[in-house]
Amino acid sequence: MEWMAKASFGNGDASVSCSKPENGFVDSLLFLHSEKAVEELLQQTPVDGMDEHLIEFSEALRTVAKALRRAAEGKASAQAEAAEWKRRYELERTRNIQMERKGNNICEMLQSWWTRTSLDNAIEMIRIMFPCLVFWEVWKEQKKRVSEARIAERISAEQNGGIDCRTIKNSDNQLMLQNESDEHREKGCMKHGICSHEVLRDRESDSNSNVDCNKMMRKASFKLSWWCKGENGDQHKHDIVSFEKGNITTAERSSKQISLKWESDPQTVLILTKPNSVSVRILCAQMVRWLKEKKKINIYVEPRVRVELLTESTNFNYVQTWKDDREILLLHTKVDLVITLGGDGTVLWAASMFKGPVPPIVPFSLGSLGFMTPFHSEHFKECLDSILRGPISITLRHRLLCRVVRDAAKNECETEEPILVLNEVTIDRGISSYLTNLECYCDNSFVTCVQGDGLILSTTSGSTAYSLAAGGSMVHPQVPGILFTPICPHSLSFRPLILPEHVTVRIVVPFNSRSPAWASFDGKDRKQLAAGDALLCSMAPWPVPTACQVDSTNDFLRSIHEGLHWNLRKTQSFDGPQEL
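Residues numbered from 1 in each chain as written. Predicted model: local features only at pLDDT ≥ 70, side-chain atom pairs only at ≥ 80, totals over all residues. Heavy atoms only, no water.

Q: Just checking my understanding: could you explain the confidence of the model for the protein for this structure?
A: Any region with low pLDDT has predicted coordinates that should not be read closely. In this model, the protein carries a mean pLDDT of 77, and residues with pLDDT of at least 70 account for 70%. Mean pLDDT values over the elements of the protein span from 38, in strand 1 (residues 2–9), up to 96, in strand 16 (residues 424–428). Across residues 231–244, where pLDDT falls below 50, the model places 29 contacts with residues more than four positions away in sequence or in other chains. The low-confidence segment residues 251–255 (pLDDT under 50) makes nine contacts with residues lying over four places distant or belonging to another chain. (pLDDT = per-residue confidence, 0-100. Helix = DSSP H or I, 4+ residues; strand = E, 2+ residues; numbered from the N terminus. Contact = heavy atoms within 4.5 Å.)

Q: Would you take a moment to explain the pairing of strand 7 (residues 257–262) for this structure?
A: A regular strand carries its side chains on alternate faces of the sheet. In terms of burial, strand 7 is a largely internal element, five of the six residues being buried. By the bridge criterion, three bridges tie strand 7 to strand 13 (residues 392–397) in an arrangement that is antiparallel. Each residue of the ladder has a partner; that of S259, found in strand 13, is S393. (Buried < 20%, exposed > 50% of the residue type's maximum accessible area, 1.4 Å probe, protein only. Pairing = 2+ DSSP bridges.)

Q: Mind showing me how you'd approach the nonpolar core here?
A: Across soluble globular proteins, nonpolar side chains show a tendency to be buried alongside one another. Core analysis: the largest hydrophobic core is formed by 37 residues, its most contacted members being I271, L291, I339 and F364. The leading source of residues in this core is helix 5 (residues 278–295), at eight residues. Aside from chain neighbours lying at most four places away, what touches I339 is V269, L270, I271, L272, M287, L291, V362, F364 and L384. F484, F494, I507 and F521 belong to the second-largest nonpolar core, a separate cluster that totals 28 residues. (Core = buried A, V, L, I, M, F, W, Y, C linked by side-chain atoms within 4.5 Å.)

Q: When you look at the UniProt feature "coiled-coil region" (unreviewed entry) in the protein in this model, what are you seeing that I'm missing?
A: Feature annotation in UniProt assigns "coiled-coil region" (unreviewed entry) to the following positions: residues 68–95. Helix makes up 100% of residues 68–95 and strand 0%, whereas the separation of the span's terminal C-alpha atoms amounts to 41 Å. (UniProt positions renumbered as here; feature names shortened; annotations may be inferred.)

Q: What am I meant to see in the packing of aromatic side chains here?
A: Each aromatic ring pair is characterised by the separation of its centres together with the angle its planes make. The final tally for this structure, using the stated rule, is six aromatic pairs. With a centroid separation of 6.2 Å and an interplanar angle of 50°, the aromatic rings of F316 and Y318 are classed as tilted. A ring pair is formed by Y441 and F446, whose centres lie 5.6 Å apart and whose planes are at 70°; its orientation type is edge-to-face. The class of Y441 is buried, set by a relative accessible area of 18%. For F446, a relative accessible area of 51% puts it in the exposed group. (Phe/Tyr/Trp six-rings, centres within 6.5 Å; stacked < 30°, edge-to-face > 60°.)

See below:
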């Protein structure tokens, strides 16, 4: 069906016609001609005495022109988006075909290899198992002879009466008690505490390591256990769920402090200092000299600090350091204790040096705020003497394990090198003037879409840092959890969240985002996240143990009182009006 509209102004005529094709779609070329005709019609000069109906008709034509323009733009955008999705489909299909061919080739190679080497493998397995079977039979025979000899001694002792039977029983019980003590030690570590071989202890070296400093030194072993103030309190109870008379109760809470007790004396200490500080340099020299002369402890420092110490005096030639990043990765196998001289930034630097297990850290406050540095440098001798003797209270500060998955990755296992953060990971808009557009998922469940300046994923130790400035809550560092805090969200109802520690948070930059996002990890290692890239964050298995001056709760409350002046207010006067 066709419709025609004509209007005449003076000597000029203009006509606009639009027909609807049988397939229901309007050709974009017809849109352009119609729009030009409407513009020419509207640009003509009207004559005097123009009828009001013509004015209304001109406004209607203007509206039609806008609708035609929007339809043409929408069609072009839809065609571009369809072409993009088609390109992605073809690319993914090509990848799958290549992977399938590659997998078939690998299977054929493995099958041919196994056919050739199956006989050799069987012969080698027999060579390995035969000595083991012989050794097992010899050991069983020796054990049988020992038991027969003990029975014979016991019978002869009872017959002669000259030997006290209790002596033989005690000799038999010693072995049983030793085995029970070993089993009890392992069970006790699982039941009441955390042993150093489970968290922070590595394999031991030779026992003669104290003779030569150049040889591998034996690490000090320790045990982490839960302790409380009195057995009558509820803090000594274990974290269990009780099923009694059909009711589920969780009255026995885990509000315990963690205590570190050395099982052998510490032998090696790593000292990390804040750079470009004269007072820190002087204190470091005094501490190194005292630890070496009074405690006979081996000392590691950074290469920069070793140069400064040798510049001051050549007597510091016993101080050790590392040469490359490979030796840094092995520091946790040599160092028993880490001492930091600086502020919270120095503690973050110390934690970032250890990509796996972290030795206990003793942070001395030489910075500005110091939420994680409870010890004062004026009494470092008394503090270190107490810590080296033990036991000490520690705070296990959880870290986040962050991985970047690019859009070109085949799956989430193909990630870049993982990054460990102690405070927070921040995803922001960088230098772009557009809002960030981030899709957030928690264990594959959609959480929300962030539109604002960015998002902060913080640990509870970092709850007093950037997350606090963005409106997040202050959380005790011993609480395991992930803080989900938006940065200036363009929404009045977007409030921060605290997620449990066992979840995995995935932040994705969607394809319709106007600009890329930027991720920073503890304020450094900045990475760009393009459209389709994702950031995965989960709780790391290696916490950072920091020594406490009193206990974790006391140190946390004192830090927010002294550092932030939390709830500091003048007390209300008592001599005002009172309720009778």
